[in-house]
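Each chain, written out:
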Amino acid sequence: MESIINSLFLLFSTTTSAAIFVSALVFVFFTFFFINNRRRRPWKIASPVPSSSVVVRRILLGTMGWPFIGETLDFISCGYTDHPQSFMDKRRLLYGKVFKSHLFGSPTIVSTDAEVSKFVLQSDANSFVPSYPKSLTELMGESSILRINGSLHRRIHGLIGSFFKSPYLKAQITSDMRKLLLQSMATWNEDRPIYIQDETKHIAFQVLVKALIGLDPSEEMEYLRTQFQKFIAGLMSLPIKLPGTQLHRSLQAKKKMLNLVLQIIRDKKIKNVGVSQDPTDVADVLLKDKSEKLTDELISDNMIDLMIPGEDSVPLLMTLAIKYLSDCPKALHQLKEENLELKKRKEELGDPLCWDDYLSLRFTQSVITETLRMGNIIMGVIRKAMKDVEIKGYLIPKGWCVLTHFRSVHLDENHYDSPHRFNPWRWQNKDMSSGSSSCFTPFGGGLRLCPGLDLARLEASIFLHHFVTNFRWVAEEDTIINFPTVRMKNRMAVWVKREN
Ligand code: HEM
């Protein structure tokens, strides 16, 4: 058992920041491994409801697996196969779409049912709160948007979300992203492979930091990037803060980042940026807020914590789109035609491309939507029940976790024909602008719906436009790894040729 724990630990300590949500799955295993063996039956309502338990309509089937480890090892081993769905598929056949299990040290209700998951996502903090591993909560500030609940959460989430939707930001991101992308593409060599996963990561980090704190590519940006890599290395480390441990190193890195960001925030205040002008980045938006709760420290902390979900997910979206397109020449052809047509039209008019132009590319948007559905960059989220909650007749007991498994819904043939086939045409004539529906939740839903979803779609659209209109390519053989985070095994190498 010790060697399994050690190898899992090594594995998790090398993953990237998108794993924040997956890590909630993974690391609770260590944190609660020895302490959480209290069993309660999910089909009975327990306290505060009176002692004579009430039997609810639907009995949750499932098995709690081995003592302490439950079904965790089975879940993980399926995750490493070419068919990571097998864990869920097997149990769905036996027990139905909602079943009980014991995962990562916690009794867990697994929901592969779109309606049940929707209910969980839409519930407020009186019923469910996000559940993250201890190392992660140590690294996130106490007032991190990822941790807080209630009115402060709604306030910060609302401010960030509306800024990411603002026309100003879209114009700025469009021009920044285009500039950075073209600079990077200009260095691409035709006689060596280009690693799409690395290239997109480099560009997306710069775009994100500019959007958050207004920093342009510079030495400070590189310093931030270095410290950030050290910081995220500890997201899934053992929750021990002693000098020499990974968590300690990550906390030190966060301190260095905080000093830099705090300085930038204070400079903004001296220049009165947040007060007198329209906000040009997320930090400005929070500075402009009159609430005394949004201190400089809280804002700085949140700027860093916002990099966690933003840093890795968007590059993956772009990389997976290139993977799926490389495997589907018909879709690539149609996407290219659509983008070349737009490019030609804009060149004739002499106009630069703006956000609306990218949105007008219906087929490109369908490619992005289908990539989100198939790719399942965030496979699901975990919530912890704060009280007994009944959903569709199922009882979720207080203290239990719920895993809302998005991937199962996205690959359910009751919702999607041939769900494992990349088919962007299935989205034609469907409006996906709200970002989610009960059968499509790559960005979550409810109060915690990802505020970065417009940013993610915009960046992916810009990348696809410039990539397909400037290059032809041949992709090297590569496979998608799904566990513990989604990524390409060989970083998605392509050999490019410039289009004339
Ligand atoms: C393809 C890209 C992305 C995907 C698939 C994605 C997915 C998600 C999902 C599923 C959630 C819900 C988590 C939960 O319910 O606990 C979420 C939350 C969040 N995302 Fe994203 N995200 C992406 C890009 C971004 C970007 C670019 C940002 C920008 C900074 C961002 C910032 C956030 C934040 C701050 C939250 C937490 C919201 C809250 O708890 O109130 N995400 N994301």
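All figures in this text were calculated on a predicted structure; none of them were measured in a lab. Residues take numbers from 1 onward in each chain, read along the sequence in its written order. With pLDDT at 70 or above as the cut-off, local features in this predicted model cover only qualifying residues; side-chain atom pairs require 80 or more to be listed or tallied, and sums for whole chains, interfaces and linings still use all residues.

Peer 1: Would you take a moment to explain the overall build of the protein chain for this structure?
Peer 2: Of the regular secondary structure elements, the protein chain holds 19 helices and 14 strands. As a rule, residues whose C-beta atom has 12 or fewer other C-beta atoms within 10 Å are exposed, those with 20 or more are buried, and those in between are partly exposed; C-beta atoms are placed from the backbone. For the protein chain, the residues scored as buried account for 45% of the 500 residues in total. Within the protein chain, contacts between residues at least 6 apart in sequence are counted, and of these 74% link residues at least 24 apart. Under the DSSP-based scheme used, a helix requires at least four consecutive residues in state H or I and a strand at least two consecutive residues in state E, with every element numbered from the N terminus. By definition, residue pairs are in contact when their C-beta atoms, positioned from the backbone, come within 7 Å.

Peer 1: How do you make sense of the pairing of strand E7 (residues 380–385) when you look at a structure like this?
Peer 2: Within a regular beta strand, the side chains point alternately toward one face of the sheet and then the other, so they alternate between its two faces. Most of E7 is tucked away: six of the six residues are buried. Burial along E7 is two-sided: the face carrying Gly-380, Ile-382 and Lys-384 and the face carrying Val-381, Arg-383 and Ala-385 are both buried. Here strand E5 (residues 128–130) runs beside E7; their pairing, made up of three bridges, is antiparallel. Its bridge partner being in E7, Val-129 is matched across the sheet by Lys-384. Paired strands are those between which DSSP finds at least two bridges. Pairing analysis gives five bridges linking E7 to strand E10 (residues 401–405), with the strands arranged antiparallel. Note that in E10 the partner of Arg-383 across the bridge is Val-402.

Peer 1: What am I meant to see in helix H5 (residues 114–122) here?
Peer 2: Every α-helix carries 3.6 residues per turn, so stepping three or four residues along brings you back to the same face. The buried fraction of H5 amounts to seven of the nine residues, a majority that puts the element mostly inside the structure. For H5, the full list of buried residues reads Ala-114, Val-116, Ser-117, Lys-118, Phe-119, Val-120 and Leu-121.

Peer 1: Mind showing me how you'd approach the site of the ligand here?
Peer 2: For the ligand, the set of nearby residues contains 23 residues, the closest of which are Gly-310, Ser-313, Gly-444, Cys-450 and Gly-452. Where the shell around the ligand is concerned, the elements lending two or more residues are helix H14 (296–326) and helix H19 (453–470). If one sorts the elements of the shell around the ligand by residue count, H14 sits on top with six residues. Each residue gets one label: Ala, Val, Leu, Ile, Met, Phe, Trp, Tyr, Cys and Pro are nonpolar, Asp, Glu, Lys and Arg are charged, and the others, such as Gly, are polar. Across the shell around the ligand, the residue classes break down as 17 nonpolar, five polar and one charged. Contact assignment follows one rule, namely that a residue is near a molecule or strand if its backbone-placed C-beta atom lies within 6 Å of it.

Peer 1: Explain the pairing of strand E14 (residues 493–498) to me, please; I cannot follow it from the model alone.
Peer 2: Sheet topology places strand E6 (residues 194–195) next to E14; two bridges connect them, and they run antiparallel. Along E14, the bridge assignment pairs Ile-194 with Val-494. Of the strand pairs in this sheet, strand E11 (residues 471–475) and E14 are connected by five bridges, and their pairing is antiparallel. When the bridges of E14 are listed, Arg-472 appears paired with Lys-497.

Peer 1: What is the right way to look at the UniProt feature "binding site: heme" (unreviewed entry) in the protein chain in this model?
Peer 2: The feature "binding site: heme" (unreviewed entry), as annotated in UniProt, sits at Cys-450 in this numbering. The topology assignment puts Cys-450 in the loop between helix H18 (406–410) and H19. Not counting chain neighbours up to four residues away, the residues in contact with Cys-450 comprise Phe-443 and Gly-444. UniProt positions are given in the numbering used here, feature names are shortened, and annotations may be inferred rather than shown by experiment.

Peer 1: Whenever I open this one, the nonpolar core confuses me. Can you help?
Peer 2: A general feature of soluble globular proteins is that nonpolar side chains tend to end up buried together. Remark: nonpolar core denotes a set of buried Ala, Val, Leu, Ile, Met, Phe, Trp, Tyr and Cys residues whose joining runs through C-beta atoms within 7 Å. Of all hydrophobic cores here, the largest spans 114 residues; its most connected members are Leu-212, Leu-317, Ala-321 and Val-402. A per-element tally of this core places H14 first, with 16 residues. Residues in contact with Ala-321, not counting those within four places in the same chain, are Val-367, Ile-368, Thr-371, Ala-460 and Leu-464.

Peer 1: What am I meant to see in the sheet that holds E11 here?
Peer 2: Backbone-to-backbone hydrogen bonds pair the strands of a sheet. The strands run either parallel or antiparallel. On the basis of which strands lie adjacent, the open sheet formed by three strands has the order E6-E14-E11 and antiparallel pairing. In this open sheet, the two edge strands, each paired with only one partner strand, are E6 and E11.

Peer 1: Would you explain the confidence of the model for the protein chain in this entry?
Peer 2: Fine structural detail should not be taken from predicted coordinates in areas where pLDDT scores are low. One number per residue, pLDDT, summarises how confident the predictor is, and it ranges from 0 to 100. Taken residue by residue, the protein chain gives an average pLDDT of 86. The fraction at 70 or more is 87%. The low-confidence segment residues 1–56 (pLDDT under 50) makes 110 contacts with residues lying over four places distant or belonging to another chain.

Peer 1: Would you take a moment to explain the environment of Tyr-394 for this structure?
Peer 2: Along the chain, Tyr-394 turns up in strand E9 (residues 394–396). What makes Tyr-394 buried here is the crowd of 25 C-beta atoms within 10 Å. A sequence separation of 285 residues divides Tyr-394 from Ile-109, and the C-alpha atoms of the two residues are 9.7 Å apart. If near-sequence neighbours (up to four positions away) are discounted, Tyr-394 is found in contact with Arg-58, Leu-60, Val-98 and Val-116.

Peer 1: Just checking my understanding: could you explain unusual backbone geometry for this structure?
Peer 2: For residues other than glycine, phi is negative in most cases, and the peptide bonds are mostly trans. Cis peptide bonds are those with omega within 30 degrees of zero, and the linkage from Phe-483 to Pro-484 qualifies with -5 degrees. Tracing the chain through its elements places Pro-484 in the loop between strand E12 (480–481) and strand E13 (487–488). Not every positive phi belongs to a glycine, and Asn-376 is a case in point at roughly 45 degrees. With 22 C-beta atoms counted inside 10 Å, the residue Asn-376 sits in the buried group. Of note, the phi angle at Ser-418 is positive, near 35 degrees, even though the residue is not glycine. Inspection of the secondary structure puts Ser-418 in the loop between H18 and H19. With 9 C-beta atoms counted inside 10 Å, the residue Ser-418 sits in the exposed group.

Peer 1: It is not clear to me how the sheet that holds E5 should be interpreted in this structure. Could you clarify?
Peer 2: Strand order across the open sheet formed by five strands is E3-E4-E10-E7-E5, with mixed pairing between neighbours. Strands at the two margins of the open sheet, each flanked by one partner only, are strand E3 (98–103) and E5. The mean angle between the axes of side-by-side strands here comes to 35 degrees, regardless of whether they run parallel or antiparallel. Lying on the sheet, H5 is in contact with E3, strand E4 (106–111), E5, E7 and E10; it crosses E10 at an angle near 120 degrees. Between N-to-C directions, angles cover 0 to 180 degrees, with each direction set by a line fitted to C-alpha atoms, over the stretch in contact for helices.

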